[in-house]
Each structure stands twice: as structure tokens, then as C-alpha cells.
Amino acid sequence: MIEELPNWVNVLFLLTVVATVVLFYYANGKRKNLLAGLILWSALQSFLAITGFYQVTDSLPPRFALVLLPATILIVVGLLPKYRNKLLKNRNRTLSTMLHTVRVPVEIVLFYLFMYRMIPELMTFEGRNFDIAAGLTAPIVGVLIVAKKASNIMLIAWNALALGLVLFILFNGILSSELPFQQFGFEQPNRAINYFPFILLPAVVVPIVVYTHLTDLIALISERTTVYNKAQA
């Protein structure tokens, strides 16, 4: 159970959250309002989890909606041209790609959460979670970008595949949680996300990863379209 988890698992996860936020901050032109918003959001979700708010799983509507809905709305709003273009104007693609290396320590944490019966096996790399592949390949893709050997189509393909991996495990994680629409993991549900610090996985880490992929894809496809149009002119 959560109380029996080794302390280093909690520390590793918290360091991973910090690394995710810091990399996102530097990858997007060091916008202080963005950093402040992420810190406030993380603090709010941490406070709610620490007080046991999310451990009440039989309420309607589910209390976990206070994680999913705001995060989804923020992603959608952030994809609007007005806000998206501000970030992409200063986007450091090497850093936005290297950011995805945080998925490796996340997978290690998830494995230990499974061992301590806090999540189902399907959420680990021994189950349905192949997201570690994106984390392991991210530094390779980052090096190729620096060396100017990463083609536009290769980056589009990698981002699309990596986005698919994180969305796949996100939906599996939600559907194996103790929610009214639970579909998987009944013998060993996804309980970890109801506790601090693991609430920060769906509240902070996953939204940043998803948003980074989406905005990089939009930028890459736009660049490809521009090149194509020039070639046709």
C-alpha cells in the first residue's frame, strides 16, 4: 500500500515532476506566467490530495473530475492560435523533445506502484504500457535534431506515435481507476492517483507531455505545408 512505498519512489517521482515543469519552462521561452501557473496548479492539486479529498471515490460527480476537466480545458485553450503561437514563437524543439525522457522514471515509479498494489499491472511496461519507448527514444531524437539529421516527416511520425502511446495509457489509467465508469483493474485498481505526490501525474506531467506533442505536431505540419506550398509556387 501507499504507506509501505520506499521513500525513494516518492522522491524520484517528485524530481520527475520538477524536471517536467522546468524543461517545459525552458522549452517555451522561459515564460514566468506559465511557470507560476504550473506551480499554483501543482500546489492546489497537492493540497487536495494531501487532505484526502480524492480518496473519496464514491461521490457523484467524481471528485477526480477536478483534475481531468481543468487539465483538458487548459490544453484546449492552449491550442487556440492566440496562445499556441505565443509559445511556438519561442519553442526550443530540442528541449521540447528531450522533455519526454521524463517518461522513463515515470515508468519505473509505475512499476513500483504496481508491486505495492496501488495500480494494476496493465499500467506498467509488463502490461499494456509501452510509453517507455517514447522516453527511451526521446534523447536519440533530440541528438538528431541538434545534428540536423532529423527530417520533418520523421519528427511528425515520432511525435504522433509517442502521443498515441501516452493517450493509450492515459485512457487505460482512467478506466482502471475507482470511478463510476471503471472498466479494468477491479482486483487491483488505480488508487495511486488519489494520493500525493502521484496526483501530479494526471494533473501536471501527462498534460504537459500531451500538450507538447500536440503543439510540436502542429508546428511541424505547418512547416511541411509551407515548404510544399513554396515548392508548388
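Okay, so let's go over this structure.

The rules we used
Residues numbered from 1 in each chain as written. Predicted model: local features only at pLDDT ≥ 70, side-chain atom pairs only at ≥ 80, totals over all residues. Heavy atoms only, no water. Helix = DSSP H or I, 4+ residues; strand = E, 2+ residues; numbered from the N terminus. Contact = heavy atoms within 4.5 Å. Areas by Shrake-Rupley, 256 points an atom, 1.4 Å probe, with all protein chains shown as cover. Polar contact = N/O pair within 3.5 Å; in protein donor to acceptor, adjacent residues only side chain to side chain.

Quick word on the overall build of the protein
Inference 1: Secondary structure assignment for the protein yields 9 helices and 0 strands.
Inference 2: Secondary structure elements of the protein occur, N-terminal to C-terminal, as α-α-α-α-α-α-α-α-α.
Inference 3: Based on the C-alpha atoms only, the size of the protein along its principal axes is roughly 60 × 35 × 30 Å.
Inference 4: Contacts in the protein between residues at least 24 apart in sequence constitute 76% of all its contacts with a sequence separation of at least 6.
Inference 5: Accessible surface for the protein amounts to roughly 11800 Å². Of this, 69% is attributable to carbon and sulfur atoms.

Notes on the side chain of asparagine 172
Inference 1: Residue placement: asparagine 172 occurs in helix H8 (residues 152-175).
Inference 2: At 2.7 Å, the side chain of asparagine 172 and the side chain of arginine 128 are in polar contact.
Inference 3: A polar contact of 2.7 Å, which involves the side chain of asparagine 172, links it to the backbone oxygen of phenylalanine 168.
Inference 4: Every residue in contact with asparagine 172, bar those within four places of it in the chain, is listed here: Leu122, Arg128 and Phe184.

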